[in-house]
Amino acid sequence: QVQLVESGGGLVQPGGSLRLSCAASGFTFSSYSMSWYRQVPGKARELVAAITKTGGSTNYADSVKGRFTISRDNAKNTVYLQMNSLKPEDTAVYYCKIIIGGRNYWGQGTQVTVSS
């Protein structure tokens, strides 16, 4: 079955960096675009970044452009989110997502807290 497992979250000071990973299994990873979302309590989940199946095209939310970079390693079935110059407003649970056959699949999420 489809499984997505995020890791790499934690507590970081403003201006710091983190790299999130999402390990995928149960499907042909290289055949699908992948995306990262984030959610804070009381708000809807929002798209942070997305990447095509080959990694040749990416897009980002305006709030993270120039600070976050999405990438993937199809040999390792993993998608990454490099987050630099982190701000307190980046605090959220981060999820990776894939759409297969019109159905959304999510990981369990990883908490990112940006605080001094």
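This write-up is about the structure you can find in this document. (Residues numbered from 1 in each chain as written. Predicted model: local features only at pLDDT ≥ 70, side-chain atom pairs only at ≥ 80, totals over all residues. Heavy atoms only, no water.)

**A closer look at the pattern of salt bridges**
Part 1 of the reasoning: For the structure shown, the criterion picks out 4 salt bridges.
Part 2 of the reasoning: Ionic pairing is found between glutamate 46 and arginine 38, a salt bridge with its closest N-O pair at 2.6 Å.
Part 3 of the reasoning: A relative accessible area of 6% means that arginine 38 is categorised as buried.
Part 4 of the reasoning: Linking arginine 67 and aspartate 90 is a salt bridge whose minimum nitrogen-to-oxygen distance equals 2.7 Å. A residue pair is termed long-range when its members are at least 10 positions apart, and arginine 67 in the loop between strand S6 (58-60) and strand S7 (68-73) and aspartate 90 in the loop between strand S8 (78-83) and strand S9 (92-100) qualify at 23 residues. Here the two residues arginine 67 and aspartate 90 agree in accessibility, since each one is buried.
Part 5 of the reasoning: Among the charged side chains, a salt-bridge network with shared partners connects Arg38, Glu46, Arg67 and Asp90. (Salt bridge = Lys/Arg side-chain N within 4 Å of Asp/Glu carboxyl O. Buried < 20%, exposed > 50% of the residue type's maximum accessible area, 1.4 Å probe, protein only. Helix = DSSP H or I, 4+ residues; strand = E, 2+ residues; numbered from the N terminus.)

**Comments concerning the environment of alanine 49**
Part 1 of the reasoning: In this structure, alanine 49 sits in strand S5 (residues 46-51).
Part 2 of the reasoning: With 13 residues separating them in the primary sequence, alanine 49 and aspartate 62 have C-alpha atoms 9.7 Å apart.
Part 3 of the reasoning: Apart from residues no more than four positions distant in its own chain, alanine 49 is found in contact with Met34, Ser35, Trp36, Asn59, Tyr60, Ile70 and Leu81. (Contact = heavy atoms within 4.5 Å.)

**Brief notes about the state of the cysteines**
Part 1 of the reasoning: Scanning the model with the defined rule gives 1 disulfide in all.
Part 2 of the reasoning: Across a sulfur-sulfur distance of 2.0 Å, cysteine 22 and cysteine 96 are joined as a disulfide pair. One quick way to see it: the torsion about the S-S bond of cysteine 22 and cysteine 96 is about 55 degrees, and its sign makes the bridge right-handed. Of this pair, cysteine 22 sits in strand S3 (residues 18-25) while cysteine 96 is found in strand S9, placing the two residues 74 residues apart along the sequence. (Disulfide = S-S within 2.5 Å.)

**As for unusual backbone geometry**
Part 1 of the reasoning: Phi at asparagine 77 takes a positive value of approximately 50 degrees, unusual for a residue other than glycine.
Part 2 of the reasoning: Along the chain, asparagine 77 turns up in the loop between S7 and S8.
Part 3 of the reasoning: Of the residues examined, asparagine 77 reaches a relative accessible area of 27% and is grouped as partly exposed.
Part 4 of the reasoning: Its identity is not glycine, yet serine 85 carries a phi of approximately 50 degrees, on the positive side.
Part 5 of the reasoning: Topologically, serine 85 is positioned in the loop between S8 and S9.

**Considering the packing of aromatic side chains**
Part 1 of the reasoning: One pass over the structure, following the stated rule, counts 4 aromatic pairs.
Part 2 of the reasoning: Ring centres 6.3 Å apart and planes at 45 degrees place the aromatic pair phenylalanine 27 and phenylalanine 29 in the tilted group. Taken individually, phenylalanine 27 and phenylalanine 29 each receive the classification buried, so the pair is uniform in this respect.
Part 3 of the reasoning: Aromatic ring contacts, followed pair by pair, group Phe27, Phe29 and Tyr32 into a single cluster.
Part 4 of the reasoning: Over the face of the ring belonging to tryptophan 106 we find arginine 45, whose NZ or CZ atom lies 4.4 Å from the ring centre.
Part 5 of the reasoning: Of note, arginine 72 hangs over the ring of phenylalanine 29, and the distance from its end group to the ring centre comes to 4.3 Å. (Phe/Tyr/Trp six-rings, centres within 6.5 Å; stacked < 30°, edge-to-face > 60°. Lys NZ or Arg CZ within 6 Å of the ring centre and 35° of its normal.)

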